[in-house]
Amino acid sequence: MKKLFTTLCLGLTTLWGFSQSNCYFEENMDTIDVVTSTPVNAWVKNTRLAFTGNGCDSASIQNGVTTYLETDPIDLSGYFYVTLTYRQICRIDFFDRGDVEISIDGGQTWTTLTPAEFDNTLPDYAAFSGQLYWSSATSLDWLPGDVTTITDNSMWHLARFDLSQYGGATDFRLRFKSTDANGGGSGGYPGWFIDDICIQAAVCELVPPTITFNNGYPQGTVYNLGPFTITAQINDASGILVATCDYTVNNGAPNSLPMTDMGNGDFTVSLPAVNDGDTICYTITAIDNSGCFNSETFPNNGTCVSFVASQGITFPYCDNFDNQNIWTETVGNASSSHWGLGVPTGWPGSAHSSPNIWEVALNAQYANSSQAYLTSPPLSFLGVFNAQIEVWLNANSEQNWDGVRLDYSLDNGTTWNIVGAVGDVFPIGSNWYNTTNINSSSQPGWSGNSTTISGAAGWFKAMHKLSMLDNQPSVLLRFVFTSDASVTSDGFAIDDLCIFVPPPQDAGVTLISQPPTQAPAGLCIPVEVTITNFGSQL
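Thresholds, definitions, all that
- Every chain begins its residue count from 1, and numbering advances along the sequence as written.
- This being a predicted model, a pLDDT of at least 70 is required before a residue's local features are given, and a value of 80 or more before pairs of side-chain atoms are given or counted; all residues contribute to the totals for chains, interfaces and linings.
- To get the side-chain values, all heavy atoms of the structure are used, and hydrogens and water are removed first.
- Pairing between strands is defined by DSSP: at least two bridges between them are needed.
- Helix and strand definitions follow DSSP, with helices as H or I runs of at least four residues and strands as E runs of at least two, each counted in order from the N terminus.
- Surface patches are defined over residues having more than 30% relative accessible area and no salt bridge, joining like charges when they lie within 9 Å and nonpolar side chains (Val, Leu, Ile, Met, Phe, Trp, Tyr) when within 5 Å.
- Note on areas: these come from Shrake-Rupley sampling with a 1.4 Å probe, and a residue is covered only by the protein chains present in the view.
- In the sections that follow, a salt bridge refers to a side-chain nitrogen of Lys or Arg positioned within 4 Å of a carboxyl oxygen of Asp or Glu.
- Note on classification: 1.4 Å probe, protein chains only; a residue is buried when its accessible area is under 20% of the maximum for its type, exposed when over 50%, partly exposed between these limits.
- Only the contacting stretch of a helix is used when fitting its axis, a line to C-alpha atoms as for every element, and angles between N-to-C directions run 0 to 180 degrees.
- We call two residues in contact when some of their heavy atoms are within 4.5 Å.
- In protein, a polar contact requires one atom able to donate a hydrogen and another able to accept it; more generally it is a pair of N or O atoms within 3.5 Å, and residues adjacent in sequence count only if both atoms are side-chain atoms.
- As used here, the term nonpolar core means buried Ala, Val, Leu, Ile, Met, Phe, Trp, Tyr and Cys residues forming a set that is joined through side-chain atoms within 4.5 Å.
- A pair of aromatic rings is counted whenever rings of Phe, Tyr or Trp (Trp by its six-membered ring) have centres within 6.5 Å, and the orientation is called stacked for planes under 30 degrees apart, edge-to-face for over 60 and tilted otherwise.
- By definition, being over a ring means that NZ of Lys or CZ of Arg is both within 6 Å of the ring centre and within 35 degrees of the ring normal.
- Two cysteine sulfur atoms make up a disulfide if the distance between them is within 2.5 Å.

(A) Main features of the sheet that holds strand 5 (residues 66-71). One open sheet holds the five strands; their spatial order is 2-5-10-7-8, and the pairing between them is antiparallel. Across the chains shown, the open sheet's two edge strands, defined by having one partner strand only, are strand 2 (35-38) and strand 8 (111-112). In this structure, strand 5 lies alongside strand 10 (residues 173-179), joined through five bridges in antiparallel fashion. Counterpart to threonine 67 in the pairing with strand 10 is serine 178.

This is the structure:
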């Protein structure tokens, strides 16, 4: 054991970060010399169990006896931000109780610590708040109701209390109190085990900043080459002194950029553009303005967030679903049918272009109450205007009740919008939706079978302009299939999807104004037409 009554290195001290080297007072139970048992030998060293080192202190419940494990007096003069951490296994009967108590008057009076002081981010917070004391009922790890299983080191839990209200006390004492609350002794339970008591203290607040993200952050594969904007929500009660983003490109030399405070806790930084295939790895570090310079780093596990910059899919992008699998299927509920990729051996009999298709409940009938999603990889429309999508569909579903629609998202799937509307015709769309309100989704879409949608059985081609995606840096598309609670059928199938950009100039006639009707042969009369550029040049 060692106890430290030395001036703390403020730059290294954090309230919620547990580190034995930062302890103002410490008892690690390797050599027990600054805690005392009452009655004598009620708390004894256990050399079989330890969170660290060679042992812990432990006490079993004794019939009708209350036992205490008490620290020596601690002088907190000048220190007004104090925290207690320790490790515990509390395998006592859930009718007995373990309490942690504080005294600041030489042990004349004691105050029991409550959930108000306990760290509400820890897993045991909810149970402790309900019980107001420790017992085996606090955690399933402590096997409530099981007195026979041998206690082992996998059962250690962290306890953490904010004791700043006791800061400045010249005679501060801490004790662990075990009570035979029901008068029945131990009931066969092994007892309460304590290790690594640590009291941290400082002259300023010790809580490090929090770093969170409202809209996610770049990771995995990013389908653009930058610049990359990262916005983090960084907060601290004392304010933020500085926030930085440190990054490397392809494991090269480290770079550091200051983050800009945008107000309301938002800090932003822009990483420069890179080349196709480059790997960027970055961390965010924030230091508070408390005077203790508490810091937090994201991620806080010693690693960095990594992503690969990719030029992504370029247009024209055509996918017959035979050579690659870059679309992702998910479902909205456990009973839903899934989109399946493969060779149709049942309905619809064959692919539009062999061998593979995407089909809801491939080679089977779809389930009732399905919510099935088929989502594209990210698509970049930067510099792209008036693109359009063509896809071959085959349909056989319950008319008006079950069906499919196409959605798009501009925020990585947080929100979705519907592509097109019922009856969109050339040059906006063709064969685009035939039902205004599909009962199972309350949204427009394709419902029924191919004949009711396109006028002919089997595969039909649907087309729609994607001008709503003009110049968007990252777009997701998804096909959404829904079904109601009764009546099922074969489903929907998709094949040969293509997104292409028309040439800059692609003139076409959209209206013949004159002559209003067919003119007799041989007459020379004026002709008036409306010509539109269907190309990408606006």
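(B) Broad picture of unusual backbone geometry. The residue after phenylalanine 298, namely proline 299, is reached through a cis peptide bond having omega -10 degrees. Mapping proline 299 onto the fold places it in the loop between strand 20 (295-298) and strand 21 (305-309). Residue proline 348 follows tryptophan 347 across a cis peptide bond; omega there is 5 degrees. Note that proline 348 resides in the loop between strand 24 (339-342) and strand 25 (357-360). Of note in the backbone geometry, aspartate 196 takes a positive phi value of approximately 50 degrees without being a glycine.

(C) Just a nonpolar patch on the surface, in detail. A surface patch of nonpolar side chains, amounting to about 250 Å² of accessible area, comprises Leu241, Val242 and Phe293. Position of valine 242 relative to the elements: it lies in strand 15 (residues 240-249). Taking relative accessible area as the criterion, valine 242 reaches 34% and is therefore assigned partly exposed.

(D) Quick look at the sheet that holds strand 14 (residues 228-235). Strand order in this open sheet of four strands is 12-14-18-17, and the pairing throughout is antiparallel. The sheet is open, and its two edges are formed by strand 12 (210-212) and strand 17 (260-263), each paired on a single side. On average, each strand axis in the sheet is inclined to that of its neighbour by 35 degrees, with strand direction left out of account.

(E) Spatial organisation of the environment of aspartate 495. By the element assignment, aspartate 495 lies in strand 35 (residues 491-500). As for aspartate 495 and isoleucine 357, which are separated by 138 residues in sequence, their C-alpha atoms are 5.2 Å apart. Not counting residues within four places of it along the chain, the set of residues in contact with aspartate 495 comprises Asn320, Phe321, Ala351, His352, Ser353, Asn356, Ile357, Val391, Trp392 and Trp459. Looking at aspartate 495, its side chain comes within polar contact range of the main-chain nitrogen of histidine 352, at 3.0 Å. A polar side-chain atom of aspartate 495 sits 2.9 Å from the main-chain amide nitrogen of serine 353.

(F) Seen up close, the pairing of strand 2. Only one face of strand 2 is covered, namely the face carrying Val35 and Ser37; the face carrying Thr36 and Thr38 is uncovered. When strand 2 meets strand 5, the two strands line up antiparallel, connected through four bridges. For threonine 38, the partnering residue across the bridge sits in strand 5 and is tyrosine 68.

(G) Highlighting the nonpolar core. By size, the foremost hydrophobic cluster in this structure holds 46 residues, and its most contacted members are Leu84, Tyr86, Trp134, Phe161, Phe172 and Phe176. For this core, the elements supplying multiple residues, two or more each, are strand 4 (56-59), strand 6 (81-91), strand 7 (97-103), strand 9 (157-162), strand 10 and strand 11 (191-202). Take this core: its biggest share by element is six residues, from strand 11. Setting aside residues up to four positions removed in sequence, tyrosine 86 forms contacts with Val100, Trp134, His157, Leu158, Ala159, Phe161, Phe176, Ile194, Asp195, Asp196 and Ile197. Counting 40 residues, the second largest nonpolar core, distinct from the first, contains Trp327, Ala372, Leu379 and Leu406.

(H) Seen up close, the packing of aromatic side chains. According to the stated counting rule, one finds 25 aromatic pairs in the structure shown. Consider the rings of tyrosine 433 and tryptophan 446, whose centres lie 4.9 Å apart with planes at 75 degrees: the pair is edge-to-face. On the criterion of sequence distance, the pair formed by tyrosine 433 in the loop between strand 30 (429-430) and strand 31 (435-438) and tryptophan 446 in strand 32 (residues 443-447) is long-range, its members being 13 residues apart. For tryptophan 446, a relative accessible area of 0% gives the class buried. The rings of Phe118, Tyr125, Phe128, Trp134 and Phe161 are connected pair by pair, giving a single aromatic cluster. It is arginine 175 that lies over the ring of tryptophan 110; its NZ or CZ is 4.0 Å from the centre. In this structure, arginine 478 is placed above the aromatic ring of tryptophan 416, and the distance from its NZ or CZ to the ring centre is 4.1 Å.

(I) Representation of the pairing of strand 21 in the model. Only one face of strand 21 is buried, namely the one carrying Val305, Phe307 and Ala309, since none of Ser306 and Val308 on the opposite face is buried. Looking at chain direction, strand 13 (residues 220-222) and strand 21 are connected through three bridges and run parallel. The partner of threonine 221 across the bridge, within strand 21, is valine 308. Looking at chain direction, strand 19 (residues 279-288) and strand 21 are connected through four bridges and run antiparallel. Counterpart to threonine 279 in the pairing with strand 21 is valine 308.

(J) The arrangement of the state of the cysteines in detail. For the structure shown, the criterion picks out four disulfides. Across the disulfide from cysteine 281 sits cysteine 304; the S-S distance is 1.7 Å. Its torsion about the S-S bond being 85 degrees, the disulfide of cysteine 281 and cysteine 304 is classed as right-handed. Here cysteine 281 is found in strand 19, whereas its partner cysteine 304 is found in the loop between strand 20 and strand 21, with 23 residues between them in sequence. Overall, the relative accessible area of 33% leaves cysteine 304 in the partly exposed class. Paired through a disulfide, cysteine 318 and cysteine 498 show a sulfur-sulfur distance of 2.0 Å. With a gap of 180 residues between them, cysteine 318 in strand 22 (residues 317-319) and cysteine 498 in strand 35 connect regions that are remote in the sequence. Overall, cysteine 498 belongs to the buried group, its relative accessible area being 14%.

(K) Structural detail: the pattern of salt bridges. Applying the stated criterion across every chain yields a total of nine salt bridges. Residues joined in a network through salt bridges with shared partners are Glu70, Asp171 and Arg173.

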